[in-house]
Amino acid sequence: MCDENKEARDVKQPTSFEEQLNKIEKRGCIIGDKTWAKEVLKQINYYRLTAYFLPYKEVDETYVEGTTFNNMYRTYEFDRKLRQLLFSAIEEIEIMLRAQLSYYYAHKYGPLGYEDENNFNKKHNHENFLKQIRKDIKSNKNQPMVKHHEEHYGGKFPIWVVVELFTIGQLSFFYSDMIRADKKAIAKRLYGTTDKNVESWIKCLTDLRNFCAHYSRLYNANLVSIPATPDGFSYRLKRKVFDYIIVLKFLYFDKVKWSNEIVLQIETLIEEYSDSIELERIGFPENWKEILKEKMPTMPNIDK
């Protein structure tokens, strides 16, 4: 909401691609090939692309000496490819969590156990939970699995079907709202850690997924939450991209694939764009390679 005591500015008028280039150049950005730069602006919104110039902006709105359009474009490309890489890992984790949470819940409470509010903790809002599920079913009424259960099971949907309709945010709340003993059992079986850690990590997974799904800028960004750092881990997590990559490491179920494929892809991407990016902008410490490969410490007190 606008502060009524402040005078509102007039909305800026649209500018041509040529005017956008001139504006960038007047601020001190070196544009080598203007024809190519104009083509870039035709493909990438000026407002989106110039966000990558922010770390190199002076107080007077000019850019630091040596700032080039090519370098900013390469930073944008690095960010885009990093999002794609991380989103692929997020997809695998998310699908695994859907399978594991529904499997546990179905075997303990039955296929329709989610309909009983007693199978959740005290903070759970059961009315809203069921209302959202009904909304999800309605919005997916043309999906084969929804049609199948409407036609053959009287509209009764077991938990392993319902979780496939959840957003990642709903999946996060589903785990968060479980009875504490269930959360602890799942965290111990899947990751050998505490339920508080896993709850924090799934929340961060949700935030990172939303950033990636909406093509939001990761470079030089602070993400939403500070992830929980497991006891005994050598590095204290913060809110940068690197810290959320560590969360993916913790949640990723295939540790061999993590080290042999995903970490190598990250290393290759960084090497490709090493002339254009500053790793500290995404929270990478000097020993980032060792941290990405470090094993998560076992938690001797996870039953407390």
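K.L.:
Any chance you could explain the overall build of the chain here in plain terms?
P.N.:
Helix and strand content of the chain: 13 helices and 0 strands. Along its sequence from the N terminus, the chain presents helices and strands in the succession α-α-α-α-α-α-α-α-α-α-α-α-α. Sorting the 304 residues of the chain into buried and exposed places 47% on the buried side. Of all intrachain contacts in the chain linking residues separated by at least 6 positions in sequence, the fraction that spans at least 24 positions is 64%. Here the chain has roughly 17300 Å² of accessible surface; of this, 50% comes from carbon and sulfur atoms. Of the charged side chains in the chain, 47 are positive and 45 negative; the average position of the first set lies 4 Å away from that of the second.

K.L.:
What's the story with the environment of Lys57 in this structure? I'm lost.
P.N.:
Note that Lys57 resides in the loop between α3 (46-49) and α4 (69-109). Look past the residues within four positions of Lys57 in its chain and what remains in contact with it is Arg27, Thr62 and Tyr63. Side-chain polar atoms of Lys57 contact the side chain of Glu61, separated by 3.1 Å.

K.L.:
Teacher, can you tell me more about the environment of Pro285 here?
P.N.:
The residue Pro285 is located in the loop between α12 (255-272) and α13 (288-293) in this model. Measuring from C-alpha to C-alpha, the distance between Pro285 and Tyr235 comes to 9.5 Å, with 50 residues separating the pair along the chain. Non-local contacts of Pro285, meaning those with residues more than four positions away in its chain, are made with Tyr235, Phe242 and Ile291.

K.L.:
Would you explain the packing of aromatic side chains in this entry?
P.N.:
Note on aromatic pairs: each is described by the distance of the centres and the angle between the planes. Counting across every chain of the model gives 21 aromatic pairs. Between Tyr235 and Phe242 the ring centres are 5.4 Å apart and the planes differ by 90°, which places this aromatic pair in the edge-to-face class. Across the pair, exposure class does not vary: Tyr235 and Phe242 are buried alike. Chaining the aromatic ring pairs together yields one cluster made of Tyr105, Tyr109, Phe120, Phe129, Phe166 and Phe174. Taking NZ or CZ as reference, Arg281 lies 5.5 Å from the ring centre of Tyr56, over its face.

K.L.:
Looking at this structure, how should I read the side chain of Glu94?
P.N.:
Checked against the element boundaries, Glu94 lands in helix α4. Judged by its relative accessible area of 7%, Glu94 falls in the buried class. When sequence neighbours within four positions are dropped, the list of residues in contact with Glu94 reads Ile168, Leu171 and Arg209.

K.L.:
What is the right way to read helix α8 (residues 168-176) from this model?
P.N.:
At 3.6 residues per turn, the α-helix brings residues three or four places apart onto the same side. Among the 9 residues of α8, 8 are classified as buried, and the element is accordingly described as predominantly covered. Among the residues making up α8, those that are buried are Ile168, Gly169, Gln170, Leu171, Ser172, Phe174, Tyr175 and Ser176. In the core, the buried residues of α8 are packed alongside α4, α5 (126-139), α7 (159-162), α9 (180-191) and α10 (195-213).

K.L.:
Would you explain the nonpolar core in this entry?
P.N.:
Soluble, globular proteins show a tendency: their nonpolar side chains are buried together. Of all hydrophobic cores here, the largest spans 88 residues; its most connected members are Phe69 and Leu86. Among the elements that line this core, the one with the most residues is α4, at 16 residues. Setting aside its immediate chain neighbours within four residues, Phe69 contacts Leu21, Ile24, Cys29, Ile30, Ile31, Trp36, Ala37, Val40, Leu49 and Phe53.

K.L.:
What exactly am I supposed to notice about the pattern of salt bridges here?
P.N.:
Two side chains with opposite charge may pair up if their charged atoms get near one another. Scanning all chains against the criterion turns up 19 salt bridges. For the salt bridge of Lys81 with Glu272, the shortest nitrogen-to-oxygen distance reads 3.5 Å. In this pair, Lys81 is assigned in helix α4 and Glu272 in helix α12, connecting sequence segments 191 residues apart. Across the pair Arg209 and Glu94 runs a salt bridge, and its minimum N-O distance is 2.8 Å.

Calculation rules
Residues numbered from 1 in each chain as written. Predicted model: local features only at pLDDT ≥ 70, side-chain atom pairs only at ≥ 80, totals over all residues. Heavy atoms only, no water. Helix = DSSP H or I, 4+ residues; strand = E, 2+ residues; numbered from the N terminus. Buried < 20%, exposed > 50% of the residue type's maximum accessible area, 1.4 Å probe, protein only. Contact = heavy atoms within 4.5 Å. Areas by Shrake-Rupley, 256 points an atom, 1.4 Å probe, with all protein chains shown as cover. Lys, Arg positive; Asp, Glu negative; His and termini not counted. Charge placed at Lys NZ, Arg CZ, Asp CG, Glu CD. Polar contact = N/O pair within 3.5 Å; in protein donor to acceptor, adjacent residues only side chain to side chain. Phe/Tyr/Trp six-rings, centres within 6.5 Å; stacked < 30°, edge-to-face > 60°. Lys NZ or Arg CZ within 6 Å of the ring centre and 35° of its normal. Core = buried A, V, L, I, M, F, W, Y, C linked by side-chain atoms within 4.5 Å. Salt bridge = Lys/Arg side-chain N within 4 Å of Asp/Glu carboxyl O.

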